[in-house]
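# What the coordinates show
The lines below spell out each chain.
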Amino acid sequence: QVQVVESGGGLVHPGGSLRLSCAASGSISSINAMGWYRQALGNQRDLVARISTGGTTDYADSVKGRFTISRDNAKNTVYLQMNSLKPEDTAVYYCKVETWPITYWGKGTLVTVSS
């Protein structure tokens, strides 16, 4: 059994900041990477940021320079620091935990950027 729990979502004004957290726990042998994906209403679920165990990162073009992903491997936790938030960042943010051979998803946390 594996648990993936996100936290930190909420309402923020444009230009504001928010920090998301995701913790994986349970029967996980090894995590290769963790990442954040988001899905706005009516849209596909798209990559926001991803980080491997070794620290290699990948960002969507739309968030480069504004978002920073980090990871605490010892705690199986990934973070997403979101700065300069825009209304178009509004979405449900999902945590993805990549293991071999299974990928796990959290239930998501809602981020709303609105004035």
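So, a few notes on the structure that sits alongside this text. Computed from a predicted model, the values in this text were never measured in an experiment.

### Points about the overall build of the protein chain
Per the secondary structure count, the protein chain includes 0 helices and 11 strands. Moving toward the C terminus, one meets the helices and strands of the protein chain in the order β-β-β-β-β-β-β-β-β-β-β. Relative to the globule expectation of 13 Å for 115 residues, the C-alpha radius of gyration of the protein chain, 13 Å, shows essentially globular dimensions. Taking the principal axes of its C-alpha atoms as reference, the protein chain extends roughly 45 × 25 × 20 Å. A separation threshold of at least 6 residues defines the contact pool for the protein chain, and within that pool the share at least 24 residues apart is 54%. Summed over all atoms, the accessible surface of the protein chain reaches about 6200 Å², with 47% contributed by carbon and sulfur. Taking the 11 positively charged and 8 negatively charged side chains of the protein chain as two groups, their mean positions are separated by 4 Å.

### What about the side chain of E98?
Tracing the sequence through the fold places E98 in strand β9 (residues 91-99). Exposure remark for E98: the relative accessible area of 14% places this residue in the buried category. Ignoring any residue separated from it by four or fewer positions in sequence, one finds E98 in contact with S30, I31, N32, A33, Y37, R50 and T103.

Calculation rules
- Residues numbered from 1 in each chain as written.
- Predicted model: local features only at pLDDT ≥ 70, side-chain atom pairs only at ≥ 80, totals over all residues.
- Heavy atoms only, no water.
- Helix = DSSP H or I, 4+ residues; strand = E, 2+ residues; numbered from the N terminus.
- Rg over C-alpha atoms; globule rule 2.2 N^0.38 Å.
- Contact = heavy atoms within 4.5 Å.
- Areas by Shrake-Rupley, 256 points an atom, 1.4 Å probe, with all protein chains shown as cover.
- Lys, Arg positive; Asp, Glu negative; His and termini not counted.
- Charge placed at Lys NZ, Arg CZ, Asp CG, Glu CD.
- Buried < 20%, exposed > 50% of the residue type's maximum accessible area, 1.4 Å probe, protein only.

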